[in-house]
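# Residue-level structure breakdown
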Amino acid sequence: MNDFVCTVTRMASADGGDGVRLTLADFPDGEGRTLTVSADDFLALRIARGGMDADTLAAVTAAAGRYAALRAAVRMLGAGQCSRRRLYEKLRARRIPDADAAFAVETAYAAGYIDEDWQLKSYIRTLTAQKQYGPRKLYAALAAKGYRGDDIRRAMDESFGEAEVRAAKRAFLEKKFGKTVPATRDEAVAMRQALYKQGF
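Since the structure is predicted, the reported quantities are computational estimates derived from the model, not experimental observations. (Residues numbered from 1 in each chain as written. Predicted model: local features only at pLDDT ≥ 70, side-chain atom pairs only at ≥ 80, totals over all residues. Heavy atoms only, no water.)

### With respect to the overall build of the protein
Inclusion rule: A run of DSSP states H or I qualifies as a helix once it reaches four residues; a run of E qualifies as a strand once it reaches two. Both are numbered from the N-terminal end. This radius of gyration counts C-alpha atoms alone. The globule rule is 2.2 Å times how many residues there are, raised to the power 0.38.
A count of helical and extended segments in the protein gives nine helices and four strands. Across the protein, helices and strands are ordered from the amino to the carboxyl terminus as β-β-β-α-β-α-α-α-α-α-α-α-α. Taking 200 residues into account, the globule formula puts the C-alpha radius of gyration at 16 Å, and the protein, at 26 Å, lies well above it. The principal-axis extents of the C-alpha atoms in the protein amount to approximately 90 × 25 × 25 Å.

Below you can see the structure in the form of structure tokens.
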């Protein structure tokens, strides 16, 4: 019994069966704790009521950290899709440890909760249709959202090719100048400058 650092006094299902909440007592400081781990970790660690040694407590504590990070990640994704990098940054901003944040992101990605290809194509449609972004400005906007360069270029090749760029350029000129062909040299200069600023 001297090897035990605490006692598991209660175990209950949590989060609709995804997790198991453990009530721990009999710590040397007299305090109790509640830790929630995933159902998979609960089974893998073979947790049972009764005494718990230091190594098992360390493993359970680590599992609880991973589970809390994953639950936070799922809640964030439920509020709106984002890239893996942006999700990681959001988790770290919540003071979730690096390893737990990385675990949550990769687990959510592997489970299909993060579809960066779909997100990129959706952003491309929105930014080109509503804001008439040119390729340079579009790339910068997507990179700022945390997407990788190779993924951005691939999505742009598939969804924003030469025909789409020409259409976006015409739409931008029509919206800004009411025409797509300049009538004077000064107007041509103004159009070129506007197009450059817009990322074309």
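### With respect to the nonpolar core
How we decide: Only buried residues count toward a nonpolar core, which is a set of Ala, Val, Leu, Ile, Met, Phe, Trp, Tyr and Cys residues joined through side-chain atoms within 4.5 Å. Relative accessibility under 20% of the residue-type maximum defines a buried residue, over 50% an exposed one, and the middle range a partly exposed one, all with a 1.4 Å probe and only protein chains included. What makes two residues a contact is simply this: any of their non-hydrogen atoms within 4.5 Å.
Judged by nonpolar contacts, the single largest core of 19 residues is most densely connected at Ile 124, Leu 138, Leu 142 and Phe 160. Counting residues per element, the ones that place at least two in this core are α5 (116-130), α6 (135-144), α7 (149-159), α8 (162-177) and α9 (185-197). Take this core: its biggest share by element is four residues, from α8. Apart from residues no more than four positions distant in its own chain, Ile 124 is found in contact with Leu 138, Leu 142, Ala 155, Met 156, Ser 159 and Phe 160.

### Notes on the confidence of the model for the protein
What counts is decided by this rule: pLDDT runs from 0 to 100 and stands for how confident the predictor is about each residue.
Mean pLDDT for the protein: 94, with 99% of residues reaching 70 or above. Looking at the elements of the protein, mean pLDDT is at its lowest for α8, recorded as 92, and at its highest for strand β2 (residues 19-25), recorded as 97.

### What to know about α8
Condition: Working rule for helices: expected span equals 1.5 Å times residues minus one. As used here, the arc belongs to the directions running from the helix axis to the C-beta atoms.
An ideal rise of 1.5 Å per residue puts 22 Å on 16 residues; α8 measures up with 22 Å between its terminal C-alpha atoms. Taken as a whole, α8 has its buried residues at Val 165, Ala 168, Phe 172 and Leu 173. Each buried residue of α8 lies within a common arc of 130° when the element is viewed along its axis, so the set occupies one face. Residues of α8 that are buried sit in contact with α6 and α9.

### Examining the packing of helix α2 (residues 54-79) against helix α3 (residues 84-93)
Here is the rule: Note on definitions: angles span 0 to 180 degrees between N-to-C directions of axes, and those axes are lines fitted to C-alpha atoms, for helices only across the stretch in contact. Orientation categories follow fixed angle ranges, with anything under 35 degrees roughly parallel, anything over 145 roughly antiparallel, 65 to 115 roughly perpendicular, and all other angles oblique. Helix crossings are classified by the rotation of the near helix relative to the far one: an anticlockwise turn of less than a right angle makes the crossing left-handed, while a clockwise turn makes it right-handed. Residues are grouped as follows: Ala, Val, Leu, Ile, Met, Phe, Trp, Tyr, Cys and Pro are nonpolar; Asp, Glu, Lys and Arg are charged; every other residue, Gly included, is polar.
The N-to-C vectors of α2 and α3 enclose an angle of 120°; their axes lie 10 Å apart at closest approach. As summarised for this structure, α2 and α3 are arranged oblique, according to the angle between their axes. Judged by the sense of rotation from one axis to the other, the crossing of α2 with α3 is right-handed. Contacts between α2 and α3 involve Ala 69, Ala 72, Ala 73, Met 76 and Leu 77 on the former and, on the latter, Leu 87, Lys 90 and Leu 91. Of the residues in the contact of α2 with α3, the class split is seven nonpolar, no polar and one charged.

### Examining unusual backbone geometry
The phi dihedral of Asp 15 falls on the positive side, at around 55°, and the residue is not glycine. Tracing the chain through its elements places Asp 15 in the loop between β1 (4-14) and β2. Overall, Asp 15 belongs to the partly exposed group, its relative accessible area being 32%. Residues other than glycine seldom take positive phi values, yet Arg 46 does so here, at roughly 55°. With respect to the helices, strands and loops of the structure, Arg 46 is situated in the loop between α1 (39-44) and β4 (50-53). A relative accessible area of 76% places Arg 46 in the exposed class.

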